[in-house]
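Commentary on secondary and tertiary structure
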Amino acid sequence: MGRLSRAQLQARNRDKVLTAARQEFAERGFRGAKIDLIADRAGFTRGAVYSNFPGKRALYFAVLADLAEQGPRVPPPEAVRDGREALAALARAWLARLPLPDEPESARLTRDLHPEILAEERTRRPYAQLLKLDAILLGLALERLEGTSGRRVRLAGTVLAALHGARQLSAAAPGFVEPFDVVGVCERLAGLDLGDWWPVLPWIPAVRAVDEAWAAPYAKDLLSGGPARLDRDGVIAVLGLNRLEAVEEAVRAGSPVTAILVTGDPDELAPLARLVVAELSACLREAFPPAAWPDVRIVVDQGELAAAVGLAEPSDDTELALRIGGGRVVLRAEGRGACHVAASAQDDQAVTAVVTPTGSQ
């Protein structure tokens, strides 16, 4: 066996730290876990742990994100009759991932997630946008399944509010949540009419035609688990975490979307973004047939994609859209409304949305 490269060695050490941290968090919870004990479990020094993760919370989010992404893959249903059936299946898949009252280690591992999100404004605001993105994905799936032209995003948000509430209560009051009741509520919500509608966008971004070479890097789609296919003709939208709603602005222009989620704080918020999207994606795949999955791809950028689109200093408020045609960049739009304008340029073209973190150059 040959010597490991520097990158391979770093990846192996990072995996060792994550494994040790998962064990520590499961035994003691986030609050009781100690970096020194995590280092001892991994066979490293305290400094070696900090060389991979800047703090305990960043490590905690990374552990939960890895667990969400590496969960068991359940074959999708071949057919679902309607939204009621799909939302009931989604709720069952969601609740099946909650720790049971007699699973103390699993409960300790996840119970501090929401308190840590609520701890600071810099985590609360991106988390709100991530949940809105989840609502967009679920709403789009409902619309495709039902073949409706009406918007279902507000309904999807209501369902997710019920499911997230069930998770928090299951941690705060073990045994209180009745899973069958929650499934029944989500099923009946399918018939709720919230008078949802899509507003006309007032934004006028800066747009210019270009002719630039495009070398599409590889990226993994969190929604399907496969490649994101950044090489297809369409739009690449670079979005900071505070602008995730712009994904829907591109979709409503009539284009499929690949959303690459990133953040201004890649150490903590990039894994949080992976966690939120991966949790919903796993349940969507179990509840909806592939034909109903939203034509959206989700990727979390670690800096390579920002560099590929020529963005030197992305921020959480970034919105930059590129249209790709014939393997070249043919249009650039920047500012609020960039995704919508780029997607509207040619309605038969695909859209790729890239959400990019700062601090990752």
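Going by an unreviewed UniProt entry, the protein chain carries the name TetR family transcriptional regulator and comes from Acrocarpospora macrocephala.

What follows concerns the overall build of the protein chain. Along its length, the protein chain carries 14 helices and seven strands. A compact globule built from 361 residues would reach a C-alpha radius of gyration of about 21 Å, and the protein chain, at 21 Å, matches this within 12%. For the protein chain, the residues scored as buried account for 52% of the 361 residues in total. For the protein chain, the share of sequence-separated contacts (at least 6 apart) that also reach a separation of at least 24 residues comes to 79%. For the protein chain, the distance from the average site of its 43 positive side-chain charges to the average site of its 48 negative ones is 3 Å.

Turning next to the pairing of strand β6 (residues 328–334). Both strand β1 (residues 206–213) and β6 contribute to a ladder of six bridges, which runs antiparallel. For V207, the partnering residue across the bridge sits in β6 and is A333. Pairing of strand β5 (residues 319–325) with β6 involves six bridges; the strand directions are antiparallel. Paired with A321 across the two strands is A333, which belongs to β6. Joining the antiparallel neighbours β5 and β6 is a turn of two residues, in which G326 adopts a positive phi near 60°.

All chains considered together, the criterion is met by one cavity of 30 Å³ or more. For the largest cavity, the calculated volume is near 40 Å³. Listed by contribution, the elements that provide at least two residues to the lining of the largest cavity are α7 (113–118), α8 (121–146), α9 (153–172) and α12 (269–287). When residues in the lining of the largest cavity are grouped by element, the largest group, three residues, is from α12. A per-class count over the lining of the largest cavity returns six nonpolar, one polar and three charged.

Okay, α12 next. Given a rise of 1.5 Å per residue, 19 residues ought to cover 27 Å, and the 27 Å separating the end C-alpha atoms of α12 matches this to within 8%. Taking burial as the measure, the 19 residues of α12 include 18 buried ones, the bulk of the element.

Cut-off values and rules
Residues numbered from 1 in each chain as written. Predicted model: local features only at pLDDT ≥ 70, side-chain atom pairs only at ≥ 80, totals over all residues. Heavy atoms only, no water. Helix = DSSP H or I, 4+ residues; strand = E, 2+ residues; numbered from the N terminus. Rg over C-alpha atoms; globule rule 2.2 N^0.38 Å. Buried < 20%, exposed > 50% of the residue type's maximum accessible area, 1.4 Å probe, protein only. Contact = heavy atoms within 4.5 Å. Lys, Arg positive; Asp, Glu negative; His and termini not counted. Charge placed at Lys NZ, Arg CZ, Asp CG, Glu CD. Pairing = 2+ DSSP bridges. 1 Å grid on protein atoms, 1.4 Å probe; cavity = no way out; pocket = protein on both sides within 12 Å on 5 of 7 lines; lining within 4 Å. Points joined across faces, edges and corners; volume = space filled by probe spheres on them. Nonpolar A, V, L, I, M, F, W, Y, C, P; charged D, E, K, R; others polar. Expected span 1.5 Å × (residues − 1).

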